Amino acid sequence: MAVNLDKEAYYRRIKRLYSNWKKGEDEFGKVDAIVVSVGVDEEIVYAKSTAIQTWLFGYELTDTIMVFCDTKIIFLASKKKVDFLKQVAVTKGNENANGVPPITLLTREKNESNKANFDKMIEAIRGSKEGKTVGVFSKDKFPGEYMKSWNDTITAEGLEKVDISAVVAYTMAVKEDGELGLMKKAAAITSEVYSKFFKERVMEIVDADEKVRHSKLAESVEKAIEEKKYLGGADPSTVEMCYPPIIQSGGNYSLKFSVVSDKNHMHFGAITCAMGIRYKSYCSNLVRTLMVDPPQEMQDNYNFLLQVEEELLKELKHGVKICDAYNSVLEYVKKEKPDLVSKLTKNLGFAMGIEFREGSLVLNAKNQYKLKKGMVLSISLGFADLLNKDGKKDEQKKYALFIGDTIQINEEEAATILTPVKKKIKNVGIFLKNDDEEDEEEDGDDAEELLGKGARSAALLADRTRNEMTAEEKRRAHQKELANHLNEEAKRRLTEQKGEQQIQKARKSNVSYKNVSQMPREKDIRDMKIFIDKKYETVIMPVFGIATPFHIATIKNISMSVEGDYTYLRINFYVPGSSLGRQEGNIFPNPDATFVKEITYRASNLKAPGDTSVPSTNLQNAFRIIKEVQKRYKTREAEEKEKEGIVKQDSLVINLNRSNPKLKDLYIRPNIAQKRMQGSLEAHTNGFRFTSVRGDKVDILYNNIKHAIFQPCDGEMIIVLHFHLKNAIMFGKRRHTDVQFYTEVGEITTDLGKHQHMHDRDDLYAEQMEREMRHKLKSAFKNFIEKVETLTREELEFEVPFRDLGRWTDCFCCCFQVPGRPLQEYLPATTHPPFVVTLDEVELVHFERVQFHLKNFDVVIVYKDYNKKVTMINAVPVNSLDPIKEWLNSCDIKYTEGVQSLNWTKIMKTIVDDPEGFFEQGGWSFLDPESEVRSVFLSMFSFLYRVITNTFAAVTLHSFIVLSASLGSEEESGKDWDELEEEARKGSYPQLLSSFFSQNQA
């Protein structure tokens, strides 16, 4: 997939840059050409050179040199970057490109000095205006021989360098609507992380009296942006921190953004926090101060700081000089509280955009630049080195107050705050004590000083050890409650369903001819030969000299053989007692009738004089045609069987609006045809329609979707939309309840024959392009999902799987999901073949083969509908057992475990046949390892299975008798081995079974 460049945005912005340059204001008037060179340096986060690339192209282009001349533009880059830049270099037919200087693209030479290319660029600079001075970003210094040779070339030519960082920053400072949208989103994410994570975490720490270091708390904030619940639906790959969060307390404060959080423990006083989040390369910032039990003086100072911020917001308008706004705020502080002037921060903020801090647009007393509508600023003001008269300890005696927001400059109104996090004293104050409790707390402090915190902690630990249960004990107690509830609920449910008789569908009776007139009048029939009527799917055979029709459905199989001079055709029929196939049973409309089981015909292979053909030809033709008709009949029957139980869906209401949410170049799973085909998925009024390139259509209605799951391409080679349906739909001649739409990301296969170098810049760029493609695909899918959710008014909601538990099994290729809140209702596995389990339908989960010496175990999911086949997941890593147990317990699902594998088909059949007897024997408690009836039930199912399959060996019988004897009294005397062996030989299975059950009941 090609990486697209927003050409319209490029043309608009390059015109703005040239327009300001031609005005000749400030440093722009001193330069004859502008040079922007970007190398490779992972340590550089913010640079004017990379910022202007992102502003113009949407991407950072490493090892690229841009020369902006008066009448032309030259780009020198690698071949792949040149291909990318061709999108703006070719301006034919684009009206927006009018007035933009033409672009010349030069391809960088890898193994040479690039002297020829450098000479062309120097020549262009010499031909631009006077050709003596070049505008550069003097602070941007990239390492490497490539950048060094270019800088040496400029120096050798005697070109004068002029720093144009300030004027370019001023040009980029006014944001377009698209840029404002990104910055608003970044500010919203920052607000979410602060409100829902940081503030809540601080309150937990204060409430639990925890000791947490500033640095550790800052790290937890950085990790929080990896969780989607704090990102407001944004893609985590597009979100990053502008700088490490700065958390300060305990008297050590530095109200700057260049400091880092120290390793001191957080003190419960004034806690300042500064954090900034970057979304799609655009920054935001937020500063707040939380106060724990603040004295009245601290509250008064904080309220005054809020008033100062309000005054600043009033001053920040279009056309106002930055220095004038700063001086107005300073005068306000001098007037209201002159003693705090010296405590006020030296600057009140700065302009912000792709770079976090525009050094030339700082809000201070010297800056002469005027504010413009559309600028975005980070304002940050505070009072440092304030004294707390009530403080007794060193960390309580000094404090600071610091607040800040991301704001947007308006034309006439006061600036708009983009981070609307509440900051009044009632929102940032944490009050733990009342005035009446002060005396008691003072006594407590004295006691603490005498006894020490160690004694208090030891007492608390001892109390917890005596009174609190461990997590495992709590889990077992909860599972015991669930077991009792499970048996009661299952017994009640099965009792209610007892009256509902299951109607067994009779096998369809196929009649060949309803009357004699429909019989064909063919010559072969009159000549007593076998004739196949394809129209009525009937084989007419001579039986005792009478032409007798047999429907193709009555024929089980046919075979033909040649023995000597004769050909034999053997035809076997279905009769009562013969197997009709799985799930069909032996059902006949009239089982007491007389049936033909087998017919064999013989014909000579020798041609008699006067005959036109060999007699065996008829048998050979009959064998071939019967096979064809039989195959066609079975195919049709299979299709009809697939259609049984299909709920008729409503018709899809097509929305003819071209702006419908749509995803192109998708594949569908399962495939419509044998080969996979691409197509497009489009959302309409009441459902989706997938249209393949061949014209096949698959409709999925919104009201038929039980679960909609979106699996991003993080760590995957495909990106998937999965729909688990309430009722199956038909396509590709089969019924499906799970449908996936996906597209591949990157190359599925890699050519190992290529000669590649790990430091090849083009390969690195290709990897970068693949990452960008992943981001674009995720954005396209997210945009599609958001539009669909809006279209359906949130009735259809897509969920994203969590992968914390990892992959359970390679056999199922599935990923059972960890208990994320969005996925607590079901367990999705979106890889193929997929399955989705709704937790409300699960009766219990059983773990098989749980032993110390085994690395894997199996999971069996039993459903509340006992007629439904259990789901088995094989070879789950044993290190996943405890997390799965913990999660199932949190979801109120009963789980059990055992060391052996069970025959679940026989178990479920036994339960369905006699549910009352099953629950009288203890119900599902037979799976509990601590249950008394566990060994009885397991032996019963094992014994029944062996009896039915006639594998009652002597060792098995001996094991059974030993088990039965152990269940009875020690004084009981049983039959000896010879007597039991004789009974087994005579087939006395019923007596053995009744004896077994009577002993178990005893």
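Here the structure is a predicted model, which is why all the values come from computation and not from measurement.

Each value, and the rule that gives it
Residues numbered from 1 in each chain as written. Predicted model: local features only at pLDDT ≥ 70, side-chain atom pairs only at ≥ 80, totals over all residues. Heavy atoms only, no water. Pairing = 2+ DSSP bridges. Helix = DSSP H or I, 4+ residues; strand = E, 2+ residues; numbered from the N terminus. Axes fitted to C-alpha atoms, helices over the stretch in contact; angles between N-to-C directions. Contact = heavy atoms within 4.5 Å. Left-handed = near helix turned anticlockwise from the far one by under 90°. Nonpolar A, V, L, I, M, F, W, Y, C, P; charged D, E, K, R; others polar. Salt bridge = Lys/Arg side-chain N within 4 Å of Asp/Glu carboxyl O. Buried < 20%, exposed > 50% of the residue type's maximum accessible area, 1.4 Å probe, protein only. pLDDT = per-residue confidence, 0-100. Polar contact = N/O pair within 3.5 Å; in protein donor to acceptor, adjacent residues only side chain to side chain. Core = buried A, V, L, I, M, F, W, Y, C linked by side-chain atoms within 4.5 Å. Domains from an automatic or database assignment. Arc of directions from axis to C-beta. Expected span 1.5 Å × (residues − 1). Bend = angle between axes of the 7 residues up to and from the residue. Phe/Tyr/Trp six-rings, centres within 6.5 Å; stacked < 30°, edge-to-face > 60°.

Trainee: Describe in detail the sheet that holds strand β4 (residues 103-107), supporting the description with residues and values.
Mentor: One open sheet holds the six strands; their spatial order is β4-β3-β2-β1-β5-β6, and the pairing between them is mixed. Taken across any chain shown, the strands that pair with only one partner, and hence form the sheet edges, are β4 and β6 (160-163). The mean inter-strand angle of the sheet, taken between neighbouring strand axes irrespective of direction, is 25 degrees. In this sheet, strand β5 (residues 133-136) lies alongside strand β1 (residues 33-38) in parallel orientation, the contact comprising two bridges. For Ile-34, the partnering residue across the bridge sits in β5 and is Gly-135. Here helix α1 (residues 7-23) sits on the sheet in contact with β1, β2 (64-68), β3 (73-77) and β4, set at roughly 120 degrees to β3. Across the sheet, helix α2 (residues 48-57) lies against β1, β2 and β3, angled at about 100 degrees from β1, the strand it touches most.

Trainee: With reference to specific residues and values, describe the environment of Lys-634.
Mentor: With respect to the helices and strands, the residue Lys-634 is situated in helix α16 (residues 616-643). Between the C-alpha atoms of Lys-634 and Ala-553, which are 81 residues apart in sequence, the distance is 8.5 Å.

Trainee: Quick one: what's the story with the packing of helix α7 (residues 177-208) against helix α8 (residues 214-224), residue by residue and with numbers?
Mentor: Between α7 and α8, the shortest axis-to-axis distance is 11 Å and the interhelical angle comes to 145 degrees. In this structure, the crossing between α7 and α8 has a hand that is right-handed. Mapping the contact onto sequence places Val-193, Phe-197, Phe-198, Arg-201, Val-202 and Ile-205 in α7 and Leu-217, Ser-220, Val-221 and Ala-224 in α8. Partitioned by chemical class, the residues of the contact of α7 with α8 number eight nonpolar, one polar and one charged.

Trainee: Any details on the pattern of salt bridges? Residues and values, ideally.
Mentor: A complete count under the given rule lists 39 salt bridges for this structure. Salt-bridge contacts for Glu-204 lead to Arg-201; the nearest nitrogen and oxygen are separated by 3.5 Å. Taken as a pair, Glu-204 and Arg-201 lie in helix α7 at a separation of three residues, close to a single helical turn. Residue classification places Glu-204 among the partly exposed positions, given a relative accessible area of 45%.

Trainee: So what's going on with the confidence of the model for the chain? Which residues, and what values?
Mentor: Scored by pLDDT, the chain has a mean of 81; 80% of the residues are at 70 or more. Note on residues 435-467: pLDDT is under 50 here. Beyond four places in sequence and across chains, it has six contacts. A low-confidence stretch, residues 943-973 stays under pLDDT 50, and its non-local contacts, those more than four residues away or across chains, total 33 contacts.

Trainee: How would you summarise the side chain of Thr-289 if you had to cite specific residues and measurements?
Mentor: Topologically, Thr-289 is positioned in strand β9 (residues 286-292). Polar contacts involving the side chain of Thr-289 include one to the main-chain carbonyl oxygen of Phe-402, which spans 2.6 Å. Other than its neighbours up to four places away in sequence, Thr-289 contacts Ala-270, Ile-271, Thr-272, Tyr-302, Ala-400, Leu-401, Phe-402 and Val-428.

Trainee: Talk me through the sheet that holds strand β22 (residues 678-683); I want residue IDs and the actual numbers.
Mentor: Think of a sheet as strands paired side by side through backbone hydrogen bonds, with each pair either parallel or antiparallel. Judged by pairing direction, the sheet is mixed, and its eight strands sit side by side in the order β24-β23-β22-β21-β27-β26-β25-β28 without closing on themselves. A strand with exactly one partner marks an edge of an open sheet, and here the two such strands are β24 (697-701) and β28 (798-799). In this structure, β22 lies alongside strand β23 (residues 687-692), joined through five bridges in antiparallel fashion. Residue pairing in the sheet places Ala-683 in a bridge with Phe-688 of β23.

Trainee: I'd love a proper account of the pairing of β22, names of residues and values included.
Mentor: A large share of β22 lies buried, amounting to five of its six residues. By the bridge criterion, four bridges tie strand β21 (residues 662-669) to β22 in an arrangement that is antiparallel. Looking at β22, one finds that Tyr-667 is bridged to Gln-678. Connecting the antiparallel pair β22 and β23 is a turn made up of three residues.

Trainee: I'd like a rundown of the nonpolar core, residues and numbers included.
Mentor: Core analysis: the largest hydrophobic core is formed by 156 residues, its most contacted members being Tyr-10, Ile-52, Phe-57, Phe-68, Trp-150, Phe-198 and Leu-316. Built from parts of two domains, this core gets at least three residues from each of domain 1 (7-172) and domain 2 (177-430). What Phe-198 contacts, discounting residues up to four positions off in sequence, is Val-193, Leu-217, Val-221, Ile-247, Cys-273, Met-275 and Leu-290. In this structure, Phe-710, Phe-723, Leu-777 and Phe-798 belong to the second largest nonpolar core, which totals 33 residues.

Trainee: Before we move on, could you go through helix α3 (residues 79-89) and cite the residues and values that matter?
Mentor: Among the residues of α3, those classed as buried are Lys-81, Val-82, Phe-84, Leu-85 and Val-88. Buried residues of α3, viewed axially, fall in a sector of 160 degrees; they line one side.

Trainee: I'd like a rundown of α7, residues and numbers included.
Mentor: For α7, built from 32 residues, the straight-helix expectation of 46 Å at 1.5 Å per residue is met to within 8% by its first-to-last C-alpha distance of 45 Å. The largest bend along α7 measures about 35 degrees and falls at Tyr-194. The first or second residue beyond α7 is Asp-209, which carries a positive phi of 55 degrees.

Trainee: Explain the packing of aromatic side chains to me, and be specific about the residues and the numbers.
Mentor: For the coordinates displayed, the defined rule picks out 36 aromatic pairs. On the basis of an interplanar angle of 80 degrees and a centroid distance of 5.9 Å, the ring pair of Phe-257 and Phe-356 is categorised as edge-to-face. With a gap of 99 residues between them, Phe-257 in the loop between β7 (239-248) and β8 (270-279) and Phe-356 in the loop between β10 (349-351) and β11 (376-387) connect regions that are remote in the sequence. For Phe-257, a relative accessible area of 17% translates into the label buried. Every member of this aromatic cluster is reached through a ring pair, and the members are Phe-688, Phe-690, Tyr-702, Phe-723, Phe-741, Phe-784 and Phe-798.

Trainee: Mind laying out the pairing of β11, listing which residues take part and the relevant values?
Mentor: Both faces of the sheet carry side chains from a regular strand, because those side chains alternate between them. In terms of burial, β11 is largely enclosed, as 10 of its 12 residues are buried. Summarising the sheet, β10 and β11 pair through three bridges and their orientation is antiparallel. Bridge assignment links Phe-350 to a residue of β11, and that residue is Ser-378. Alignment of β11 against strand β12 (residues 398-408), held across 10 bridges, turns out to be antiparallel.

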